[in-house]
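Listed below, chain by chain, are the residues.
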Amino acid sequence: MEAADTRQEILIQASRLFKRLGYRATTTREIAKAVNIKQPSLFHHFPNKKAIVEEIFSLSLNEAAIRIEKACRAEGPVAERLHQYLVWDLSTLHRMPIAMSAIYTGDALKSPELAELSDKLKTFYRSLEELISQGIRSGEFVDIDPALGRLMVASITIAHLEYAEEAVIEDPDRLAREGADFVLRAFSRPVRRLSRDRC
């Protein structure tokens, strides 16, 4: 197995173990066994379990953080900017063979040694809340607490991750658009129709 392939297989198998056992309960010995390599060989790719989580986290969040920040600074309708971001994000996540959901829903980010990752996620969430706030101020979105709106978006994202981990995704772009459409329908103000007697 090529070194790059081994590295990716470590990420895949580790992510599955994190989902099944939790971050704290998973050992590097178990990860090496799942990859079918000896534990010292694993350390040629990652010095410890923390480094594996950091790599998984960076794959799912680093580019997303850049793009959500750009969406906040861009011009044009907020709904369009949020929709474009969500389509990109969900489509990207659906194409990853790694079980991402456990990093966000499990015990990993609650561990003191991963506090820096938790802080990065909070920064990302603040940008997402700012974009939602822009939509509220512009009148495009319903008047909702931006923190609640952010939780709604995060919940949809986690749902997509969990679905992708259990199903074969034949058209990730279509699934991503459906997810983005769902979010925008939840945020969008209903169009007021004139009653017939006013037409």
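All residue numbers here refer to positions counted from 1 along the written sequence of the relevant chain. Only residues with pLDDT of at least 70 are given local features in this predicted model, and only at 80 or more are side-chain atom pairs given and counted; all residues enter the totals for whole chains, interfaces and linings. The side-chain figures draw on all heavy atoms in the structure; neither hydrogens nor water molecules are used.

This brings us to the overall build of the protein. If you tally the helices and strands in the protein, you get nine helices and zero strands. Put simply, DSSP H or I for four residues or longer makes a helix, DSSP E for two residues or longer makes a strand, and each gets a number counted from the N terminus. Reading the protein from its N end, one meets helices and strands in the order α-α-α-α-α-α-α-α-α. By its C-alpha atoms, the protein is 75 × 35 × 25 Å across when sized along the principal axes. Relative accessibility thresholds used throughout: buried, under 20% of the residue-type maximum; exposed, over 50%; partly exposed, between the two (1.4 Å probe, protein chains only). Relative to its 199 residues, the protein shows a buried fraction of 42%.

Aromatic contacts are taken between Phe, Tyr and Trp rings whose centres are within 6.5 Å, Trp giving its six-membered ring; a plane angle under 30 degrees counts as stacked, one over 60 as edge-to-face, and the others as tilted. The full count for this structure, using the stated rule, is six aromatic pairs. Considering the side-chain rings of Phe-124 and Tyr-125, the 5.9 Å spacing of their centres and the 50 degrees angle between planes classify their relative orientation as tilted. Among the aromatic residues, those joined into a cluster by ring pairs are Tyr-85, Trp-88, Phe-124 and Tyr-125. Sitting over a ring, as applied to charges here, requires NZ of Lys or CZ of Arg to be within 6 Å of the ring centre and within 35 degrees of the ring normal. Cation over ring: Lys-49 sits above Tyr-23, and NZ or CZ is 4.4 Å from the ring centre. Of note, Arg-150 hangs over the ring of Tyr-125, and the distance from its end group to the ring centre comes to 4.6 Å.

Turning our attention to the confidence of the model for the protein. Mean pLDDT over the protein: 92, with 94% of residues reaching 70 or higher. Mean pLDDT values for the elements of the protein range from 88 in helix 6 (residues 101-105) up to 97 in helix 2 (residues 28-35). In the predicted structure, residues 193-199 sits below a pLDDT of 50 and forms one contact with residues beyond four places in sequence or in another chain. Here pLDDT means the predictor's own confidence in every residue, given as a number from 0 to 100. Residue contacts are defined here by distance: any two heavy atoms, one from each residue, within 4.5 Å place the two residues in contact.

A few words now on the environment of Leu-21. One can find Leu-21 in helix 1 (residues 3-21). When the C-alpha positions of Leu-21 and Pro-112 are compared, they lie 18 Å apart, and in sequence the two are 91 residues distant.

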